[in-house]
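So you can see what is in the structure, the chains are spelled out below.
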Amino acid sequence: MLSLALLLAVALAIVHVFMVRLPIFTVIPRYRWTSFAGGVSICFVFLEVFPELSHAKETFKNSDFAVFHHLEIQSHLIALIGLLVFYGLGSFALRAKSLEHSAHDEDVSLPSVFWIRISGFAILNVIFGYLLNDLSEHRLFDCILFFIAVALHFFITDENLREDHQSLYDQKGRWLLAAAIVLGAVVGQLVHLDETAIAIVWSFSAGSIILNVLMRELPEERETCFWSFFVGSAVYAALLLGK
């Protein structure tokens, strides 16, 4: 029987493979859906990611590694590193894309830009997959809430990737991302890290989550629907606080 972590990983892999191909924007206007998903994601960051960073900080204080004892902001520092790494990857990809357009040759750097971006998200998916194993100690309702937040996170980032690199994403990208999260869950079943290592992994991924939410999931001003954003935040917050 598959473990809960593997079941969640497979479900999230299905999101990567099939969800972006559903004609959802023919039913719900794109800007409303994006705003709703952004609201859920922001709520997830403030009510789940930030508290988890505080928990990671306590783990570092009790760590056997002396280097962590001399840092007062261990988890937040590692989260900042994660944010900077993914910001750097995104910035490099955007610069390469800009040079491509200025050269009026769409085939010059598009594959390289795509592989830079998809590699970063694949690494993040492996981390996500590994961290799914920690959910085995939580209630089913908690797992469902986590799945909703991460699925919306994946849906929006996948939509952005597909918008910029449709052919490469459809042929290779979505399958790579799906395989990456399942791989992470399998690794988590075979390799068990101690609490300090898990705190490092979680803190690093938290920085990337925060960046992706702020840069990719909050809609641009011309596409904003405040009430959709508010409803997404309010509904998800009510579910989290009421569990």
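Residues numbered from 1 in each chain as written. Predicted model: local features only at pLDDT ≥ 70, side-chain atom pairs only at ≥ 80, totals over all residues. Heavy atoms only, no water.

Colleague: How would you summarise the nonpolar core if you had to cite specific residues and measurements?
Modeller: Within the largest apolar cluster, 50 residues are counted, with the highest numbers of intra-cluster contacts made by Leu12, Val49, Phe128, Leu132, Phe146, Phe154 and Tyr236. Setting aside residues no more than four positions away along its own chain, Tyr236 makes contact with Val40, Cys43, Phe44, Leu145, Phe146, Ile148 and Ala149. Judged by nonpolar contacts, the second largest core, of nine residues, contains Ala122, Leu161, Tyr169 and Ala180. (Core = buried A, V, L, I, M, F, W, Y, C linked by side-chain atoms within 4.5 Å. Buried < 20%, exposed > 50% of the residue type's maximum accessible area, 1.4 Å probe, protein only. Contact = heavy atoms within 4.5 Å.)

Colleague: I'd like a rundown of the packing of helix α6 (residues 140-164) against helix α9 (residues 226-241), residues and numbers included.
Modeller: The contact between α6 and α9 brings their axes to 11 Å, and the two run at 155 degrees. With respect to each other, α6 and α9 are oriented roughly antiparallel. When you trace α6 past α9, the crossing you get is left-handed. Between α6 and α9, the residues in contact are Phe141, Leu145, Phe146, Ile148 and Ala149 and Tyr236, Leu239 and Leu240, respectively. (Axes fitted to C-alpha atoms, helices over the stretch in contact; angles between N-to-C directions. Helix = DSSP H or I, 4+ residues; strand = E, 2+ residues; numbered from the N terminus. Parallel < 35°, antiparallel > 145°, perpendicular 65-115°, else oblique. Left-handed = near helix turned anticlockwise from the far one by under 90°.)

Colleague: How would you sum up a nonpolar patch on the surface? Please name residues and give values.
Modeller: Taken together, the side chains of Phe141, Phe226, Trp227, Phe230, Val231, Val235 and Leu239 present a nonpolar region at the surface, about 680 Å² in accessible area. Relative to the helices and strands, Phe226 resides in helix α9. (Patch = residues over 30% accessible without salt bridge, like charges linked within 9 Å, V, L, I, M, F, W, Y side chains within 5 Å. Areas by Shrake-Rupley, 256 points an atom, 1.4 Å probe, with all protein chains shown as cover. Salt bridge = Lys/Arg side-chain N within 4 Å of Asp/Glu carboxyl O.)

Colleague: Give a detailed account of the packing of helix α1 (residues 4-18) against α6, specifying residues and quantitative values.
Modeller: Packing of α1 against α6 brings their axes to within 9 Å, and their N-to-C directions diverge by 30 degrees. Classified by the interaxial angle, the pair formed by α1 and α6 is roughly parallel. For α1 against α6, the interelement crossing comes out right-handed. Counted together, Leu4, Leu8, Ala11, Leu12, Val15 and His16 of α1 and Cys143, Phe147, Val150, Ala151, Phe154 and Asp158 of α6 form the full contact between these two elements. When the residues that make up the contact of α1 with α6 are grouped by side-chain class, the tally is ten nonpolar, one polar and one charged. (Nonpolar A, V, L, I, M, F, W, Y, C, P; charged D, E, K, R; others polar.)

Keep in mind these values describe shape, not function.
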